[in-house]
Structure formats: C-alpha cells, structure tokens
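Below are the chains, spelled out letter by letter.
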Amino acid sequence: MHSFVYRLNTLVTFAAVLLAMLCAAASLLDAFNSPTVHAHAEVIKINRFRKQLSGNDEVSLALNISMDLRSLFTWNTKQVFIFLAAEYETSKNSLNQISLWDHIVPDKDHAKFQAQVANKYPLIDQGSNLHGKKVELALHWHVMPRTGRMIQDKMAVSSFYLPGTYT
C-alpha cells in the first residue's frame, strides 16, 4: 500500500505537469494569431514650442487618436499596453524616440476608441534641434498574455513638421 504522502505527491505532480502542458499550448496558439491593427493619430495643434531655461526644446501638442485594437485580444490576452511615440533624427542620433501618450487597454470592450488629448509627456529634445524637423508618430503596443511571452509591435501612424521658430 502507498502512504497518503506518496499519493498526494503523485496527484500534485500530475496537476503541475498538466498545468505546464496547458500553458505551453496557450503560448503555442498565440503564435498562430495574426492581428490587424487599425490606428491613426494626427497633430491637431502645436500648443507650445519653446526653449527651456536649460536650453532644451520643449513641444506641447494636441492630438487626435483613433484606433481599433480588438484583433489583438484572444482568450489568452490579459491586457494591452499602448503608447504613441514621436520619432525623429538629429545630427547626434539617427533615431530619437519620445513617448507622448500611453494607455492600458484592459479588455476587448475598450479596444476601439477615439480621443482628442494633449500629450501626456512633453516632447523635450536635448538641445535645440527641433526647428523645422519632421517628426513621425508611431503607435507601439505590448500584448500581455495570461501565460507565455509578451508580444510587441509598432506601426507608423502619421508625421508632421515642427515650425522653424518658437511660438
């Protein structure tokens, strides 16, 4: 006869192996999901373009953001973290990325929306390199699953030029 502890150990081991197999299956199924994200963001107005006391350029923007992220949600998706980044080139760096706005989408019901917002975080460049620069807006997303690896991607949504003088 087997003891109670031996039987409990067998039961717990079986449950752990079964749970590990289910988690692996969930991760594998996410690899077959090919979402199509529809998004657009545009600058409605440049609220402020000024030079800080430290000599850095600072830009404040009004944005119109619309997106449909419903295809990112599967039965394994816990939430989706999105952020809108400004990307531009300077003589020092070939790529500068600054997060302007972010949001957590908790479920599929909140994954389609449109909003007019001010940038949550100011666009600040180290130096005065922003005069007349072309700035591209890119939407980045991180899909956080219940189990498995986090999936991240991005797409360019629009671009705009900053003025040549401070406002």
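Procedures and definitions
- Residues numbered from 1 in each chain as written.
- Predicted model: local features only at pLDDT ≥ 70, side-chain atom pairs only at ≥ 80, totals over all residues.
- Heavy atoms only, no water.
- UniProt positions renumbered as here; feature names shortened; annotations may be inferred.
- Buried < 20%, exposed > 50% of the residue type's maximum accessible area, 1.4 Å probe, protein only.
- Helix = DSSP H or I, 4+ residues; strand = E, 2+ residues; numbered from the N terminus.
- Pairing = 2+ DSSP bridges.
- Salt bridge = Lys/Arg side-chain N within 4 Å of Asp/Glu carboxyl O.
- Axes fitted to C-alpha atoms, helices over the stretch in contact; angles between N-to-C directions.
- 1 Å grid on protein atoms, 1.4 Å probe; cavity = no way out; pocket = protein on both sides within 12 Å on 5 of 7 lines; lining within 4 Å.
- Points joined across faces, edges and corners; volume = space filled by probe spheres on them.
- Core = buried A, V, L, I, M, F, W, Y, C linked by side-chain atoms within 4.5 Å.
- Contact = heavy atoms within 4.5 Å.
- Domains from an automatic or database assignment.
- Buried area = accessible area lost by both parts, 1.4 Å probe.
- Polar contact = N/O pair within 3.5 Å; in protein donor to acceptor, adjacent residues only side chain to side chain.
- Nonpolar A, V, L, I, M, F, W, Y, C, P; charged D, E, K, R; others polar.

Going by the annotation in an unreviewed UniProt entry, the name recorded for the protein is Signal peptidase complex subunit 3, with Phoenix dactylifera given as the source organism. Recorded in UniProt under Subcellular location (unreviewed entry), the annotation for the protein is "Endoplasmic reticulum membrane".

Novice: Help me get a handle on the pairing of strand β7 (residues 134-145), residues and values and all.
Specialist: Within β7, nine of the twelve residues are buried, which leaves the element mostly enclosed by the surrounding structure. Both strand β3 (residues 77-88) and β7 contribute to a ladder of ten bridges, which runs antiparallel. Of the residues in β7, the one forming a bridge with Phe 83 is His 140. Where β7 folds back on strand β8 (residues 151-161), the antiparallel hairpin that results is connected by five residues, among which Gly 148 adopts a positive phi of roughly 105°.

Novice: Describe the pattern of salt bridges, and please don't skip the residues or the numbers.
Specialist: In total, this model carries six salt bridges according to the counting rule given. Of the charged contacts in the structure, one is a salt bridge between Arg 70 and Asp 68, with a shortest N-O distance of 2.9 Å. Note on Arg 70: relative accessible area 35%, which makes it partly exposed. A salt bridge links Glu 136 to Lys 134, with the shortest nitrogen-to-oxygen separation between them at 4.0 Å. For Glu 136, a relative accessible area of 35% gives the class partly exposed.

Novice: Tell me about the side chain of Ser 60, residues and numbers included.
Specialist: By the element assignment, Ser 60 lies in strand β2 (residues 57-68). Owing to a relative accessible area of 15%, Ser 60 belongs among the buried residues under this scheme.

Novice: Could you give an account of the sheet that holds β7, naming the residues involved and the relevant values?
Specialist: Spatial ordering of the open sheet is given by β4-β3-β7-β8, a layout of four strands whose pairing is antiparallel. Looking at which strands have only one partner, the edges of the open sheet turn out to be β4 (96-105) and β8. With direction set aside, neighbouring strand axes in the sheet form an average angle of 20°. Bridge count for β3 against β4 is nine bridges, and the pairing is antiparallel. Following the sheet pairing, Leu 84 is matched in β4 by Trp 101.

Novice: Tell me about the layout of surface pockets, residues and numbers included.
Specialist: Within this model, the largest pocket holds a volume of roughly 190 Å³. Contributing to the lining of the largest pocket are 13 residues, with Asn 33, Pro 35, Leu 72, Val 143 and Ile 151 lying nearest its centre. Where the lining of the largest pocket is concerned, the elements lending two or more residues are α1 (4-31), β7 and β8. Looking at which element gives the most residues to the lining of the largest pocket, the answer is β7, with three residues.

Novice: Please provide a residue-by-residue account of the nonpolar core, values included.
Specialist: Of all hydrophobic cores here, the largest spans 33 residues; its most connected members are Met 67, Ile 82 and Leu 137. Elements that contribute at least two residues to this core include exactly β1 (38-51), β2, β3, β4, β7 and β8. Setting aside residues up to four positions removed in sequence, Met 67 forms contacts with His 38, Ala 39, Ile 82, Trp 101, Ala 111, Lys 112, Phe 113 and Leu 139.

Novice: Run through the domain arrangement of the protein, naming residues and quoting values.
Specialist: We note that the domain assignment places domain 1 (1-32) and domain 2 (34-161) within the protein. Relative placement of domain 1 and domain 2: their C-alpha centres are 41 Å apart. Taken together, the contacts link six residues of domain 1 with eight residues of domain 2. Buried surface at the junction of domain 1 and domain 2, both sides included, amounts to about 510 Å², of which 53% is carbon and sulfur. The largest per-residue losses of area from domain 1 upon contact with domain 2 belong to Ala 26, Ser 27 and Asp 30, which jointly make up 67% of the total buried on that side. The interface formed by domain 1 and domain 2 includes zero salt bridges. The interface formed by domain 1 and domain 2 contains zero residue pairs in polar contact (both at pLDDT 80 or more). Counted by class, the side of domain 1 that touches domain 2 contains four nonpolar, one polar and one charged residues.

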